Amino acid sequence: MSRPVKMCVIDDIRSVVDMITTKIPWQEHGIEIVGSATNGEEGLTVIRENRPDLILTDIRMPKMDGLEMTRSILEVLPNSKVVIFSAYTDFDYAQKAIQYGALDYVKKPFSIDQIIKAVVKAKEVWEQENLNRTHVLALEQKMKESMPALRQEYLSLLVHHQTSEAELAKRSSFLDIHALKPPFVVMTIQIDQFTDKYGEVPVKELELARFSLQNIVEETISIYTSVVVFREAFNRYICILNRPKNEPPIAIADQCCANIARHTKFTISIGIGLEVATVQELPKSYQQSLSGLSYHFYTGGNGAFSYNADSLELPAEWIYTEDSENEFLFAFRSGNEEKCLAWIRDIFMEMGKSVVRPEPGVVERLLQGLVLRMLRVLSEKFPRQSLSAFDMKMQTIRSDSGADLLEYQEWFIQLCELGCGMIHQERASESQKIIYRSAEYIKANLQLDLTLEHCAKQANLSWGYYSNLFKKVTGTAFQQFVTQAKIERAKAMLIEDYQVQEIAQQLGYEHRRYFSEVFKKQTGLTPTEFKEMSLGKSSQ
């Protein structure tokens, strides 16, 4: 419910003041009398203390007339509505009061109805204007709340798409980005190992960490030059600098890294683009900063990296040759873990010492391609389902994971150890694999006459050796294994509503009765009893 509209009454005749304030039921009109006075000076004091929405005042009063008071009131309360009492002879004064900002006047002598009519009209005007002001304030508040997002979105557009100088000038005042003056340098900042360190940290703590980063970076760079800093991604910020006069950008970036490491729990990496002369070239400097940032791959972070156009002309010292790769894959195929790990150590050591290093993205793709070839070697030796551990380890580093060279080395070593271990175990258990394949053959061919001699022949073993090996590997005698496999298949078929006669035929039993006897001996139930019990359970 809205509050009553507040009103003050000023007139040098006390009876007029009393009549207006006490004889009219203002509450019925949503109006509350909050003060009154009998001269202009006293009236102005009352108005300043009570800050009314409506003021009724005589135009001629001692000490300060209504004209001067109207001017003073509207300086203090520009939104208040003033209604003047005016005698016929004071008509010129009333007009002047309206020029000063009074809303209306009532000629003396007046009736109560005239006063009510004038005041209610003033109240309606005040309420409509107040509603408009409230609406405007709400819009201004929404604009204020959305300003950071609008500012960030526009700054992001500057570094991703070409923008004209005129467009920047047009937007800079509205978005408060006056600091953007050419020539420019773009820096891209990334929090190191952000996912590993902050993956399970509460959102509030994450926001505090990111706020600290932006604040420290802004304060550090502002010592040397003007800068605009904004967030580009969850763990990445972009800085657009005016060219520093007395300090190279790399030195400023190094200072940012040092301050972040000193005052927070994390470290950062910074990529620095080349200086550009116009706002249209900001995307170019930004892309260069990303290229520079990618070289944190070799250091693990906590450092700044300038884009070096000259290095593009120099041949990179490559990681390894095709012959060297084939040598590694041969060792891996043989399960020679010692030789594989020695190869990895040598390769990564040489990569770390290279003067001109390959572009990090190329190195990542090369290493991931080699891991895929390792997977192909394992796929030739093992069924796909047995490679789940290797698959899971492969997925721990992706091309967009932000892993550095040391993390790639550790990942590569773990994959080698895992793969070589599988190959070594495969050699030691070749006899087990023969039996496992035989067991799979049995389960897939339960309709056949699966005798010991038949299955031993499938495995290219003598039946006596096969029988002993089968029991040793599975822990079950051959015939019992076959019977159990048939009964498990029969259970599934019963639940799927196959007829007993049909099941017996599909499982190689000539007679339904014999199948039922075997089933009951193994389960304690006839096929029909098992089916009824299973369906009964599933319906509960």
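Bear in mind the structure is a predicted one, so any value in this text is a computation, not a measurement.

Reading the values: the criteria
Position numbers for residues start from 1 in each chain and track the written sequence from start to end. Totals for whole chains, interfaces and linings use every residue, but because this is a predicted model, local features are given only for residues with pLDDT of at least 70 and side-chain atom pairs only at 80 or more, for both listing and counting. Calculated side-chain values reflect all of the structure's heavy atoms, with hydrogen atoms and water omitted. Any two of the Phe, Tyr and Trp rings considered here, Trp counted by its six-membered ring, make a pair once their centres fall within 6.5 Å; the pair's planes then place it as stacked at under 30 degrees, edge-to-face at over 60, or tilted in between. Cation placement over rings: the criterion is NZ of Lys or CZ of Arg within 6 Å of the ring centroid and within 35° of the ring normal. If DSSP finds at least two bridges between two strands, the strands pair. A run of H or I in DSSP counts as a helix once it spans at least four residues, and a run of E counts as a strand once it spans at least two, with each numbered from the N terminus. Helix axes are fitted only over the stretch in contact, all axes being lines through C-alpha atoms; the angle between N-to-C directions runs from 0 to 180 degrees. Any two residues whose heavy atoms approach within 4.5 Å are treated as being in contact. To sort the angles, those under 35 degrees are grouped as roughly parallel, those over 145 as roughly antiparallel, those from 65 to 115 as roughly perpendicular, and the leftovers as oblique. Patch definition: residues above 30% relative accessible area lacking any salt bridge, with like charges linked at up to 9 Å and the nonpolar side chains Val, Leu, Ile, Met, Phe, Trp and Tyr linked at up to 5 Å. Every accessible area reported is derived by Shrake-Rupley at a probe size of 1.4 Å, with residue values counting cover from the shown protein chains alone. By salt bridge we mean one thing: a side-chain nitrogen of Lys or Arg within 4 Å of a carboxyl oxygen of Asp or Glu. Note on charges: Lys and Arg go in the positive column, Asp and Glu in the negative column, and His and the chain ends are not counted at all. Each charge is placed at NZ for Lys, CZ for Arg, CG for Asp and CD for Glu. Between buried and exposed lies partly exposed: a residue is buried under 20% and exposed over 50% of the maximum accessible area for its type, with that area taken using a 1.4 Å probe on protein chains only. Note on terminology: pairs of cysteine sulfur atoms within 2.5 Å are recorded as disulfides.

Novice: What exactly am I supposed to notice about the packing of aromatic side chains here?
Specialist: Aromatic rings considered in pairs are described by the distance between their centres and by the relative angle of their planes. Tallied over the full model, the rule gives 17 aromatic pairs. Put simply, the rings of Tyr295, Phe297, Tyr298, Tyr408 and Trp411 touch in pairs and so form one group of aromatic residues. It is Lys486 that lies over the ring of Tyr509; its NZ or CZ is 4.9 Å from the centre.

Novice: Even after reading the chapter, I still don't get the sheet that holds strand β9 (residues 268–272), so can you show me in this structure?
Specialist: Adjacent strands of a sheet form backbone hydrogen bonds with each other and so pair up, either parallel or antiparallel. With respect to topology, 5 strands assemble into an open sheet ordered β7-β8-β6-β9-β10, the strand pairing being mixed. Looking at strand neighbours, the two that pair on one side only are β7 (227–233) and β10 (303–306), the edges of this open sheet. Going from strand to strand, the sheet's axes swing by 20° on average, the running direction of each strand aside. Two elements, strand β6 (residues 184–191) and strand β8 (residues 236–242), share 7 bridges in a ladder whose sense is antiparallel. In the strand pairing of β8, Thr188 is matched with Ile238. Across the sheet, helix α8 (residues 203–222) touches β6, β7, β8 and β9, and the angle it forms with β7 is around 150°. The strands touched by helix α10 (residues 282–293) within the sheet are β6, β7, β8, β9 and β10, with β6 carrying the most contacts at an inclination of about 40°.

Novice: What am I meant to see in the packing of helix α13 (residues 360–381) against helix α14 (residues 388–395) here?
Specialist: Relative orientation and spacing of two packed helices are given, respectively, by the angle between their axes and the distance between those axes. α14 packs onto α13 with a crossing angle of 175° between their chain directions and a minimal axis gap of 11 Å. Looking at the two axes, α13 sits roughly antiparallel to α14. In this structure, α13 contributes Val371, Leu372, Met374, Leu375 and Leu378 to the contact, and α14 contributes Phe390, Asp391 and Met394.

Novice: Honestly, a negative patch on the surface in this entry has me stumped. Any pointers?
Specialist: Judged by side-chain charge, Glu337, Glu338, Glu410 and Glu417 come together as a negatively charged surface patch. Among the residues examined, Glu417 registers a relative accessible area of 37% and is labelled partly exposed.

Novice: Please explain the pattern of salt bridges as it appears in this structure.
Specialist: Any two side chains of opposite charge can pair, so long as their charged atoms come close to each other. Going through the model one piece at a time under the given rule, you end up with 17 salt bridges. One salt bridge connects Glu129 with Lys81, and the closest N-O pair in it is separated by 2.6 Å. Note that Glu129 is positioned in helix α5 (residues 112–160) and Lys81 in strand β4 (residues 81–87), a separation of 48 residues in sequence. Residue Lys81 is classed as buried on the basis of its relative accessible area of 11%. Connected through salt bridges with shared partners, the residues Asp11, Asp58 and Lys108 form a single ionic network.

Novice: Could you clarify how one ought to interpret the state of the cysteines in this entry?
Specialist: The bond known as a disulfide is covalent and runs between the sulfur atoms of two cysteines. This structure, assessed with the given rule, holds 0 disulfides. This cysteine, Cys340, is not joined by any disulfide, and Cys420 carries the nearest cysteine sulfur, 4.0 Å off. Residue class for Cys340 comes out buried when judged on its relative accessible area of 0%. Considering cysteine sulfurs only, Cys340 is the nearest to Cys416, which forms no disulfide, with 5.0 Å between them. Owing to a relative accessible area of 0%, Cys416 belongs among the buried residues under this scheme.

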